[in-house]
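The lines below spell out each chain.
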Amino acid sequence: FSSIPQVRVTLKGKKIFDPRDSSTKYTPNSALVLLDYLRNSRYGKGLPNSAFETNYDSFKSSATLCETQVTPYTSGSNINLFETNIVLDTEQKLIDNVRELLNPMRAIFTYTQGKYFLIIENTGTSQLSLTTDNIIGGIKIFGEKKNTKYNRVIGTFVNPDKEWQE
């Protein structure tokens with residue numbers, strides 16, 4: 001060779017457990033990718049199966065919702081509603097990686113009564129299509145700022161048992 005050749009690959013990633021049919025296969029399904037990360041003891045949290053609700057019900061329903069077929073504005077072919085194609089840095093904090101995995105889906109990840117649950121907001125079939133005709137000015141993106149967040153809230157309670165005193 002007169003120079004270093006360019007090497008290009010198509011990488012599908014790792015095979016992931018799907019609790020809906022107990023198969024292990026490649027999938028970009030966002031709910032299943034999160035579940036795999038939480039269960040994997042080598043690069044994830046290493047949670048046991050008992051840490052999830054019975055039969056992974058919330059992850060199953062979330063995985064099914066992720067595979068809802070939608071037609072994007074720019075293309076006529078259907079795609080899955082939520083997919084995750086990511087390379088995670090395992091040197092990062094676990095919670096940061098979990099947040100990164102939650103980004104592609106409208107999800108709430110909760111821990112209730114000793115079990116983990118995943119709930120994806122299901123807005124039904126409503127859609128809003130935006131085109132360049134909807135833009136009337138420049139676009140600016142603003143992130144969160146520290147001074148707009150609360151670090152504590154002090155409330156007062158009027159107690160009827162103490163003659164309505166605060």
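Residues numbered from 1 in each chain as written. Predicted model: local features only at pLDDT ≥ 70, side-chain atom pairs only at ≥ 80, totals over all residues. Heavy atoms only, no water.

Caption draft 1: Broad picture of the packing of aromatic side chains. This structure, assessed with the given rule, holds seven aromatic pairs. Ring centres of Phe109 and Tyr116 lie 5.5 Å apart, and the angle between their planes is 10°; this geometry places the pair in the stacked category. Given the relative accessible area of 24%, Phe109 is considered partly exposed. (Phe/Tyr/Trp six-rings, centres within 6.5 Å; stacked < 30°, edge-to-face > 60°. Buried < 20%, exposed > 50% of the residue type's maximum accessible area, 1.4 Å probe, protein only.)

Caption draft 2: Quick peek at the pattern of salt bridges. Taken as a whole and judged by the stated rule, the model has six salt bridges. Note that Asp18 and Arg20 form a salt bridge whose closest N and O atoms lie 2.8 Å from each other. A relative accessible area of 1% places Asp18 in the buried class. Here Arg20 falls in the partly exposed class, since its relative accessible area comes to 28%. Via salt bridges that share partners, Asp18, Arg20, Asp21, Lys25 and Glu67 belong to a single interconnected network. (Salt bridge = Lys/Arg side-chain N within 4 Å of Asp/Glu carboxyl O.)

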